Amino acid sequence: MSLPITDTPLTGRVSLPALREAIWDPNLEPALLPAPGVAALLARLRLPGTLVVTTGQQPGLFTGPSYAVTKALSARAVAQELERRWQRPVVPLYWIPGDDHDLHEVATVSWLNSEGGLVTATLPPRAADAPLTPLWREPLGDAILPLLAAFEQSFLAVPVSGPVVAWLRRHYRPDASVAGAYGTALAELLAPFGILCLDSTHETVKRAAAPLLLRALEQAPALDRAIADRAAVLVRKGTDPGVPVGEGASLVFLEGPVGRDRLVLDGGGFQSRRSRTPFTLAELRRIAEREPSRLSGNVLLRPVLESALLPTVAYVSGPGELRYLPLAVPVYEALGITRQLPVPRWSGALLEPRVTRVLQKYGTTVAELLAEGSALEARIARQAFPEGTEQAFVALRDAIERGYDPVIRAAAGVDPTLERPAASARAQALHGLRELEKKLAQHARKRESIELGQIARARTSLRPEGRPQERVLSLPGFLARYGPELLGSLARHIEAWYGRVLEPSAVPF
C-alpha cells in the first residue's frame, strides 16, 4: 500500500559531489553484512570505476526512528541519480556505526498501533557504574522479548503485519547485540533496494582503519587547535556546530575497563578521560597492531575514515551532521584524505488515512494541523455554534465598547475620580463576555469530542510527543500496518525528490 507523503521544505538546490579516483578494497568484503541479493550488489561494487554514496545512523531498536531507514533510501536515490548522470556504477552503502556506546539514546522505540495510539517500549537502563560498552558488544538479552511481544500485540488485527513481525524476530534476538541486530535487520530490509550494509566494527575494517587512527593521535595537538579555530570561524558566521571542541581531546576512543573512553592529551602522551589511565603513543601503536577493535573514531573522524577506506563521493547527512561536519575539514586536510560532499537527507512524513481524512473533512493543511496552540480545534469548535453566534458576540462587544464611552465621560464630568470605576465596569463587562464565549466554546468542544479526537490522533501521527514523525516513530510500525510494499513507494518518492533538488547537470568523467 502507498501513502501520501509530505516533504520538509528545502531551501535551494543540493550541490553535486565531485568525482574521485575509485578504488574498492576487496579486503573489506567480509564486513559487508549478508542478505539475499548481496552477491549481485557486491559484483557491482567490484566493477572498475565504481563509486560509493554512504550514510549511517547510530544503532537503534527495531531499526530506530524512521529517518534511519530514509537516510539509506536517500543514499540510494543520490547514487542512482549520479549513476544516471555520470554513466558509471555508483553504489549506496550504509555504514553501521557499532562503536557508539550511548545505550540510553537508543534504548527506546515507538510506533503507532492499529488504532493510532502511541506505543513506546524501552530496554532496561545500564547500572550507573556499568562500563560504557560499545553497542556491538551490548547484548539485547531477554529484555528484548517483551518488546517484541508488545509490537506483535499492537497489530494482531492487521493481516499484513505477520512478515514484519517475523523479520524483527529473526534479528532482534536475546543472543544478538544492539548493533548486530540493527545491522542485519537493515541489511535484509535494504538489499532489495540495492543498498549494502557494512559492519564498521568488523575486524577487517578495524585493521584497515588503525593506521589512520594512529595518524590522528600523532597529530592530535595540531588537530585540536585547527578544529577549535574552525569552530570559531563557523560561530562568527552565525553557525553553531553543536560539538564541543578545543578541550585537548583527541578524535580517538579506546575501549578499556570502563568501556569506550576518549583519549585526551596529557603532556607528551595521552590519558583516558574517565579511567585516567596514561598511555604513550608507543603503547597505543601496539594496541593498534594487536587489538585494533579497541580503537574507534569520534563523530568528526568517522566520515574521514569512510572516505579513507571507501571510494565515496557523498555522505547523506541529517541536519545535525550538516552543522558539525564542516568542523572536520581541517582533519581531512591534515590526514591527506579526499573529502566527500555532505548531502542533506530527505525529510518528510507519511500521511496516514486518519490524517488525510482530517485534512479533507476540515479543509485544513498539514501546517495548520501542526501549528502551535489549538487554533484548529478552536476553529472546529466554533463551527458547532448556531448560525450568527460569532456575529452576535462581535456586535455585543462593539456595543459595550461604544455604549460605555458616554457613561465614562459623564462619570468624569460629575467627579474625575469616578472615571476609573466606570472604565473598570466596562472592562468587567467585556471580561464577562469573554468568559461566556469561552464557556460556549468549551461546551462546543464537548459536543465535537469525536472530531477533536480525530484531530488529536492525526496530530499524534505527524508529530508524536511534539516531535517530527521521522524522529520518533520506527518504520516497522508503518510497514506492519500498511504492508512491506510501503517501503517501495517511499523509495520511489525519495528518488523523485532528489531528481528535483539536485543540481541540474553534472560533468561526466
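The model shown is predicted, which means the values in this text are computed figures rather than measured ones.

Q: Honestly, the pairing of strand E3 (residues 90-96) in this entry has me stumped. Any pointers?
A: A regular strand places its side chains on the two faces of the sheet in alternate fashion. E3 sits mainly inside the fold: seven of its seven residues count as buried. Burial of the side chains of E3 extends over both faces: Val90, Pro92, Tyr94 and Ile96 are buried on one face and Val91, Leu93 and Trp95 on the other. Between the parallel elements strand E2 (residues 51-56) and E3, the chain passes through helix H2 (residues 67-86) in a crossover that is right-handed.

Q: Explain the packing of aromatic side chains here, please?
A: Both the distance between ring centres and the angle between the ring planes are used here to describe each pair of aromatic rings. Using the criterion set out here, one finds seven aromatic pairs in the structure. Taking the centre distance of 5.3 Å and the plane angle of 85° together, the rings of phenylalanine 62 and tyrosine 172 count as edge-to-face. In this pair, phenylalanine 62 sits in the loop between E2 and H2 while tyrosine 172 sits in the loop between helix H5 (162-171) and helix H6 (178-190), placing the two residues 110 residues apart along the sequence. Both residues of the pair, phenylalanine 62 and tyrosine 172, count as buried. The rings of Phe62, Trp111, Phe151, Phe155 and Tyr172 are connected pair by pair, giving a single aromatic cluster. The lysine or arginine in question, arginine 260, covers the ring of phenylalanine 253, its NZ or CZ lying 3.9 Å from the ring centre. If you follow arginine 471 out to its NZ or CZ, it ends over the ring of tyrosine 67, 5.0 Å from the centre.

Q: What am I meant to see in the layout of surface pockets here?
A: The probe, sized like a water molecule, is rolled over the atoms to show the empty space still left. Taken as a whole, the second largest pocket holds about 300 Å³ of empty space. Taken together, 15 residues make up the lining of the second largest pocket; nearest its centre are Thr8, Ala349, Leu370, Arg463 and Pro468. In terms of residue class, the lining of the second largest pocket is made up of seven nonpolar, five polar and three charged.

Q: In this structure, what is going on with the sheet that holds strand E9 (residues 269-272)? I would like to understand it.
A: Two orientations exist for strands paired in a sheet by backbone hydrogen bonds: parallel and antiparallel. Pairing is antiparallel across the open sheet formed by five strands, whose spatial order is E10-E9-E8-E7-E11. One side of each edge strand has no neighbouring strand; the edge strands of this open sheet are strand E10 (278-279) and strand E11 (295-297). As paired strands, strand E7 (residues 249-256) and E11 are joined by three bridges and run antiparallel to one another. Bridging across to E11, leucine 254 finds its partner in leucine 295. Strand contacts of helix H7 (residues 203-218): E7, strand E8 (259-266), E9 and E11, with the helix running at about 70° to E11, the strand carrying the most contacts. Taken strand by strand, helix H8 (residues 220-236) contacts E7, E8 and E9, and its axis lies near 125° from that of E7.

Basis of the calculations
Residues numbered from 1 in each chain as written. Predicted model: local features only at pLDDT ≥ 70, side-chain atom pairs only at ≥ 80, totals over all residues. Heavy atoms only, no water. Buried < 20%, exposed > 50% of the residue type's maximum accessible area, 1.4 Å probe, protein only. Helix = DSSP H or I, 4+ residues; strand = E, 2+ residues; numbered from the N terminus. Right-handed = clockwise from strand over helix to strand, strands pointing away. Phe/Tyr/Trp six-rings, centres within 6.5 Å; stacked < 30°, edge-to-face > 60°. Lys NZ or Arg CZ within 6 Å of the ring centre and 35° of its normal. 1 Å grid on protein atoms, 1.4 Å probe; cavity = no way out; pocket = protein on both sides within 12 Å on 5 of 7 lines; lining within 4 Å. Points joined across faces, edges and corners; volume = space filled by probe spheres on them. Nonpolar A, V, L, I, M, F, W, Y, C, P; charged D, E, K, R; others polar. Pairing = 2+ DSSP bridges. Contact = heavy atoms within 4.5 Å. Axes fitted to C-alpha atoms, helices over the stretch in contact; angles between N-to-C directions.

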